[in-house]
Every structure is written in structure tokens, then in C-alpha cells.
Amino acid sequence: MTIDHRTISKGFIISGLMNMSVLVFSRFFTNDTIPAFDPVVMSNFGLLMIVLWGVAYMSVAKNYRQVKWLIALFAIEKLVYGYIWIQWLQRNNLSEVYNKDSMAGIFYAVYGVNDWLFCIFFLWVFFKIRKIGATQ
């Protein structure tokens, strides 16, 4: 499967926008339900860091080929958040979050799926860049 540079660049933009969607779900950090259900990872500070990671993804959209190890770091970061999400789901009742706030419920239902998908995307891009570099 061959995917062109412009499509991959769009993947970085989309990943950043997905991270920035925490601004919507958190109502620009005024939704107390998200931090209440995970005060360590999803505190308002944690949500702000998610936004900053999103900006980082978008910042390399045009030159991702020059920063392969940063792309590997992005994959690891997504792996960590995906793993934390699975642990969170095992220890918490998602319906309790929905009952308290539907936006927070949607956030907790989907954020890990997003992280796993973009973990795969970043890994794929990393190995694609690595392979191209090895053949040159």
C-alpha cells in the first residue's frame, strides 16, 4: 500500500486536531467531570499537555521525514495513553461518567481508541521513513 506525502501530512494534522478536541470535551477546561474521574492523567494540566502534543503533531506535518525519532516518540506517547485508557476502563464504570456528564462520557469512551489508531499511524510512518532512509 502506497500513501503519498500529502496524505501522510494530513494524518499528522488530523491527529493534532483530535488531540485539540479535548478543548471541546472539557469545555475549554471548565468541565469538572473529566478531571474528577482521572485526576492524575486527565487533570486540567494533563488536558493542556494533550493539546500541546497535538500542536507538536501538526508542527511536523510537512517535514515529518526529517524527524523520524520524534515520530517514534509520538508512537510511544500514544501507546502509553492507549494503555492507560485500557487500565482506566477496567477500573471505572463508564456509565457513571455518562450519567454525570455526557461530554465527559463520550471523551472517556473514545480517547483511547483515538490513541491506539494514531499509535499505529505513527509507527507505520516511522517504519516507512526508516525503510526509505535505509535504501538511500
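Keep in mind it's a predicted model, so treat the numbers as computed, not measured.

Cut-offs and rules
- Residues numbered from 1 in each chain as written.
- Predicted model: local features only at pLDDT ≥ 70, side-chain atom pairs only at ≥ 80, totals over all residues.
- Heavy atoms only, no water.
- Axes fitted to C-alpha atoms, helices over the stretch in contact; angles between N-to-C directions.
- Helix = DSSP H or I, 4+ residues; strand = E, 2+ residues; numbered from the N terminus.
- Parallel < 35°, antiparallel > 145°, perpendicular 65-115°, else oblique.
- Left-handed = near helix turned anticlockwise from the far one by under 90°.
- Contact = heavy atoms within 4.5 Å.
- Phe/Tyr/Trp six-rings, centres within 6.5 Å; stacked < 30°, edge-to-face > 60°.

Notes on the packing of helix H4 (residues 44-59) against helix H5 (residues 68-91)
Link 1 in the chain: Relative to each other, H4 and H5 sit at 150°, their axes nearing to 12 Å. Considering the angle they form, H4 stands roughly antiparallel to H5. You can see that H4 and H5 cross each other, and the crossing is left-handed. Residues Ile-50, Trp-53, Ala-56 and Tyr-57 of H4 form the contact with H5, whose participating residues are Leu-73, Phe-74, Glu-77, Lys-78 and Tyr-81.

What about the packing of aromatic side chains?
Link 1 in the chain: In total, this model carries 19 aromatic pairs according to the counting rule given.
Link 2 in the chain: Taking the centre distance of 6.1 Å and the plane angle of 85° together, the rings of Trp-53 and Phe-74 count as edge-to-face. Here Trp-53 is found in helix H4, whereas its partner Phe-74 is found in helix H5, with 21 residues between them in sequence.
Link 3 in the chain: Between the aromatic rings of Phe-118 and Phe-122, the centroid separation amounts to 6.3 Å while the plane-to-plane angle is 40°, which identifies the pairing as tilted. One end of the pair, Phe-118, and the other, Phe-122, are both in helix H7 (residues 102-135), four residues apart, so they sit about a helical turn from each other.

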